[in-house]
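# Structural characterization, general
Chain by chain, the residues:
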Amino acid sequence: MDAECVECVPCVQPELPAAEEEDRRERADETVGDEEGGEQQDVPDPDCTETPILGGDQKDVICDFEQSVQTRKEWVPTVYSCYGKEHFWCAGYEIIIQESIEGYGGVIWPAAKALCYFLEENQDEFDLRDKKVLEIGSGTGLVSIVACVLGAHVIATDLPSTLGNLRFNLSRNTKGRCLHIPEARELIWGHDLQRNFQNACVFDYILAADVVYHHTCLDDLLYTMKYLCQPNTQLIWANKFRFNTDLEFLSDFNSSFDTEVLAEYPELEVKIFKATQKVN
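Notes on the structure in this doc start here. (Residues numbered from 1 in each chain as written. Predicted model: local features only at pLDDT ≥ 70, side-chain atom pairs only at ≥ 80, totals over all residues. Heavy atoms only, no water.)

## Description of the pattern of salt bridges
Threshold: Here, a salt bridge means any side-chain nitrogen of Lys or Arg that lies within 4 Å of a carboxyl oxygen of Asp or Glu. Each residue gets one of three labels from its accessible area relative to the maximum for its type: buried under 20%, exposed over 50%, partly exposed in between, using a 1.4 Å probe on protein chains only. A helix here means a DSSP run of H or I that spans at least four residues, while a strand means a run of E at least two residues long, and both kinds are numbered starting from the N terminus.
On inspection of all chains with the given rule, the structure shows five salt bridges. Among the salt bridges present, the one from aspartate 192 reaches arginine 195, with a minimum N-O distance of 3.1 Å. Accessibility expressed as a relative area gives 45% for aspartate 192, which makes it partly exposed. Ionic pairing is found between aspartate 210 and arginine 242, a salt bridge with its closest N-O pair at 3.3 Å. Remark: arginine 242 occurs in the loop between β7 (234-240) and α8 (244-256) and aspartate 210 occurs in the loop between β6 (205-209) and α7 (218-228); sequence separation between them is 32 residues. The class for aspartate 210 is buried, based on a relative accessible area of 6%. Taking the relative accessible area as the measure of exposure, arginine 242 reaches 31% and is therefore partly exposed.

What follows is the structure, encoded as structure tokens:
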């Protein structure tokens, strides 16, 4: 056989007898599945009504999503900036103070607790009933609430960012318990004093608790105290002394007012002072 005929051999398919060809086709039909002889796979029956065949006339397939899919409003998370609650007892009432994280005024400081205790225990000497009282730096409102429960007409003041929580605590703890409804008012030390507090505003008492700490408004604070303290006004200031700047303020305070120490609470490191306008 020459080379040309050898190259044609792989292209020649052997012809099988008719019987053998029929047998090969039957074996091929019986083996449906994996090549290793696994289980026979199910072949979809075109006549089966349980499995719709897509294609052709697609109007027979109905997909109604309108009833299951609803449009949702844009979700905006609500963040509550608050701590826990503090419980106190004063004049037979439970006082619940909600603290927040709105700066230093959002929590209760040691001097506020000491001043509340002092006012309740010394009502004979400092009778607040029907007196006009202004608190500087009210914060959570604890001192103003106690003064209000003891009968005073109270104006609680602080920065604008603190007024929301202050008003909430005042309303919650004085409703039905006081002779006079308390007021919360904005006061930025050293600013707009003549417009917001005219000279006609004469207070019997000015209260302040832990208003002196490491901040840059000490000069404005002292100026505010001197402006609000009229000749017949008694300023009661409670403070925990932490820094040298606190002692420096105390020295300036003593130079500006006639002062005396009313009480000391060593366990809290708090002192309470009474001050009146200096007589020249």
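The discussion continues.
## Quick notes on helix α5 (residues 163-174)
Stated precisely, the cut-off is as follows: Here a helix's expected span is defined as the number of its residues, less one, multiplied by 1.5 Å. Think of it as the arc spanned by the lines of direction from the helix axis to the C-beta atoms.
Here α5 spans 16 Å end to end across 12 residues, near enough to the 16 Å set by a 1.5 Å rise per residue. For α5, the set of buried residues is Leu163, Asn165, Leu166, Asn169, Leu170, Asn173 and Thr174. Along the long axis of α5, the arc covered by the buried residues comes to 165°, so they all point the same way. Downstream of α5 by one or two residues, glycine 176 has phi in the positive range, about 75°.

## So, the sheet that holds strand β4 (residues 153-158)
Stated formally: Two strands qualify as a pair provided that DSSP identifies no fewer than 2 bridges between them. Where helices are involved, their axes are fitted lines through C-alpha atoms of the stretch in contact, as for all axes, and angles between N-to-C directions lie from 0 to 180°.
Across the sheet, which stays open at both edges, the seven strands sit in the order β5-β4-β3-β6-β7-β9-β8 with mixed pairing between neighbours. The open sheet terminates on both sides in strands that have one partner only, identified here as β5 (183-186) and β8 (257-265). The mean inter-strand angle of the sheet, taken between neighbouring strand axes irrespective of direction, is 20°. Where strand β3 (residues 132-136) and β4 come together, four bridges link them in parallel fashion.

Structural measurements only, silent on function.
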